[in-house]
Amino acid sequence: MSVLDRLAGEVRGGGGLLAGAVSPASADGAYGAVAATGARAAGHEDDYALLVEAIHEGYLLHYASGRVVRPEDPDLSLLAGDRLYALGLARLAELGDLDAVGELADVISLTAQAHAEGDPERATAVWEAGARVVGDGPPADHEAAKAAWRGAG
């Protein structure tokens, strides 16, 4: 079963309005697989893949269209996105990896900034870097790079 199929099951299992907006996945997740192969995810590979894809699905609902959750109402898309952000971050906190919680919170913030500035390519780069950091931990220059992207560097 693909990670997005598992995510669809999680959302359906939660019931409510979002359960009715679940569709068959239109693709499979790439960022979850990146995070799951990192040393930090060892022993919890499936958990890391799922939580990263939940957060990425939340991001897609805010800025594009979901692969799993596809509400017709744009306001419900935003609420669904927020719920998926929370689902992923809560799962990561349950695993005790608070550094990765902070990293994914930064991914959410930096991608929002990139979209506000009309730079979706930077948002993609943030996702690629963020998934690697969640799985492996940050390289030495990671915080400086994030600060520069925020305009503080």
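Residues numbered from 1 in each chain as written. Predicted model: local features only at pLDDT ≥ 70, side-chain atom pairs only at ≥ 80, totals over all residues. Heavy atoms only, no water.

1. Observations regarding the side chain of Arg67
- Considering the arrangement of structural elements, one finds Arg67 in the loop between α4 (45-63) and α5 (74-94).
- Residue classification places Arg67 among the buried residues on the basis of a relative accessible area of 10%.
- If we ignore the near neighbours within four places in the chain, the residues touching Arg67 are Leu4, Ser23, Pro24, Ala25, Ser26, Asp28, Gly29, Glu53, His56, Glu57 and Leu60. (Helix = DSSP H or I, 4+ residues; strand = E, 2+ residues; numbered from the N terminus. Buried < 20%, exposed > 50% of the residue type's maximum accessible area, 1.4 Å probe, protein only. Contact = heavy atoms within 4.5 Å.)

2. Some details on the packing of α4 against helix α6 (residues 98-116)
- α6 packs onto α4 with a crossing angle of 20 degrees between their chain directions and a minimal axis gap of 11 Å. By the angle between their directions, the pair α4 and α6 is classed as roughly parallel. The chirality of how α4 crosses α6 is right-handed. For the pair α4 and α6, contact is made by Leu51, Val52, Ile55, Tyr59 and Tyr63 and by Leu104, Ile108, Thr111, Ala112 and His115, respectively.
- Tallied by class, the residues present in the contact of α4 with α6 amount to eight nonpolar, two polar and no charged. (Axes fitted to C-alpha atoms, helices over the stretch in contact; angles between N-to-C directions. Parallel < 35°, antiparallel > 145°, perpendicular 65-115°, else oblique. Left-handed = near helix turned anticlockwise from the far one by under 90°. Nonpolar A, V, L, I, M, F, W, Y, C, P; charged D, E, K, R; others polar.)

3. Some thoughts on the environment of Arg122
- Here Arg122 shows up in helix α7 (residues 120-136).
- Taking the C-alpha atoms as reference points, Arg122 and Leu110, twelve residues apart in sequence, are found 8.8 Å from one another.

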